[in-house]
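Per-entry structural report
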Amino acid sequence: MVFWIACAVGLAIAYLLGSLPTGYLAGKLLKGIDIREHGSRSTGATNVLRTLGKGPAAVVLLVDVAKGVAAIVIARWFYPWLYALPSVTPPAGLDLQTLGPWAVGLAGLAVLLGHGRSIWLNFTGGKSAATGLGVLLAISWPVGLGAAAMFGAVLAVSRMVSLGSMMAALTAVALVCVLEQPLPYRLLVIAGSLYVIVRHRANIQRLLAGTEPRLGQSRR
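Residues numbered from 1 in each chain as written. Predicted model: local features only at pLDDT ≥ 70, side-chain atom pairs only at ≥ 80, totals over all residues. Heavy atoms only, no water.

**Details of the environment of L207**
Applicable threshold: Helix and strand definitions follow DSSP, with helices as H or I runs of at least four residues and strands as E runs of at least two, each counted in order from the N terminus. Classification of residues uses two cut-offs on accessible area relative to the type maximum, computed with a 1.4 Å probe and protein chains only: under 20% is buried, over 50% is exposed, and between them is partly exposed. Residue contacts are counted whenever heavy atoms from the two residues lie within 4.5 Å of one another.
Residue placement: L207 occurs in helix α10 (residues 201-209). Classification of L207 as partly exposed rests on a relative accessible area of 26%. Along the backbone, L207 and L94 are 113 residues apart, and their C-alpha atoms lie at a distance of 47 Å. Apart from the residues lying within four places of it in its own chain, the contact partners of L207 are M160, S162, L163, M166 and E212.

Structure follows, in structure tokens:
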């Protein structure tokens, strides 16, 4: 029982890390506004860019990416540490090599959920694309760089952050399968990418209607 409680605590740490409301804090600290009442009402870097400017958006983007990286790094440290504790007895037959990748995968999902559904913001938040990039870079940097390259290419052509984010998510799924990553990582990327795309459902509706704003263009 102690072992499973400790595992749950590890996932809670990842969730709370993701739930740090960086975009919301930027709005409050810099302009005294609730960024959820402006622009797309998201707390992500794109809405920060439209509402607060390039500098704050760059900081929010970097912090959100760092949250994803940190969640994976902490998970990779936490579970070996847990197994090394003499007071904690893991279930028979559940070795670290088996649990480790699954625990890392669940931590990745937890940090994405925390970013998109922050406990500090009444379970609202961003769309988890930047934090998802951090997770990808931490579990497999080739997958992360490939997704980032696709995002950059689509953004350069379309100037639509939402389209770039969704195409990057799909690229990550393809790469994680082609590069033969462990099954837990594949499932993490597939589930995380679907989550990111679902979080963009309003953007998808605007894309289909031809009303999705481009980068540098104010929202209608």
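Resuming the write-up.
**With respect to the environment of S162**
Note on placement: S162 falls in helix α8 (residues 161-178). In the structure, S162 is positioned 23 residues away from I139 in sequence and 23 Å away in space, judged by C-alpha atoms.

**Quick notes on the nonpolar core**
In a soluble, globular protein the nonpolar side chains are often hidden away together inside. Definition in use: Only buried Ala, Val, Leu, Ile, Met, Phe, Trp, Tyr and Cys residues count toward a nonpolar core, and they belong to the same one when joined by side-chain atoms within 4.5 Å.
Grouped together as the largest cluster of nonpolar side chains are 31 residues, with contacts concentrated most on Y79, L82 and I139. Within the residue set of this core, elements represented by two or more residues are α1 (2-18), α4 (54-84), α5 (96-116), α6 (129-139), α7 (141-158), α8 and α9 (183-199). Every residue in contact with I139, bar those within four places of it in the chain, is listed here: I72, R76, V104, Q181, Y185, L188 and V189. Counting eight residues, the second largest nonpolar core, distinct from the first, contains I35, A45, V48 and L52.

**Considering the packing of α6 against α9**
What counts is decided by this rule: For helices, the fitted line uses only the C-alpha atoms of the stretch in contact; every axis is such a line through C-alpha atoms, and the angle between N-to-C directions lies from 0 to 180 degrees. Comment on the angle field: the value is read as roughly parallel under 35 degrees, roughly antiparallel over 145, roughly perpendicular from 65 to 115, and oblique elsewhere. Left-handed is the label given to a crossing in which the near helix is rotated counterclockwise from the far helix by less than a right angle, and right-handed is the label when the rotation is clockwise. Note that Gly is not counted as nonpolar here; it falls among the polar residues with everything else outside the nonpolar set of Ala, Val, Leu, Ile, Met, Phe, Trp, Tyr, Cys and Pro and the charged set of Asp, Glu, Lys and Arg.
The N-to-C vectors of α6 and α9 enclose an angle of 170 degrees; their axes lie 11 Å apart at closest approach. Considered as vectors, α6 and α9 are oriented roughly antiparallel to each other. Of the two elements, α6 crosses α9, and the hand of that crossing is left-handed. Across the interface between the two elements, A129, V135, L136 and I139 from α6 touch Y185, L188, V189 and V196 from α9. The residue makeup of the contact of α6 with α9, split by class, is eight nonpolar, no polar and no charged.

**Brief notes about unusual backbone geometry**
Even without being a glycine, N122 presents a positive backbone phi close to 55 degrees. Inspection of the secondary structure puts N122 in the loop between α5 and α6. What makes N122 exposed here is its relative accessible area of 66%. Unusually for a residue other than glycine, R159 sits at a positive phi of about 60 degrees. Relative to the helices and strands, R159 resides in the loop between α7 and α8.

**Section: the packing of aromatic side chains**
Cut-off, in case you're wondering: Each Phe, Tyr or Trp ring, with Trp reduced to its six-membered ring, pairs with another whose centre is within 6.5 Å; inter-plane angles below 30 degrees give stacked pairs, above 60 give edge-to-face pairs, and intermediate values give tilted ones.
Inspection of the entire model under this criterion finds six aromatic pairs. Ring geometry for W77 versus W81: centroids 5.6 Å apart, planes at 15 degrees, classification stacked. Here W81 and W77 lie together in helix α4, a separation of four residues that amounts to about one turn. Their ring planes at 90 degrees and their centres at 5.1 Å tell us that F78 and Y79 sit as a pair that is edge-to-face. Summarising the burial analysis for this pair, F78 and Y79 share the class buried. Taken together through their ring pairs, the aromatic side chains of W77, F78, Y79 and W81 make up a single cluster.

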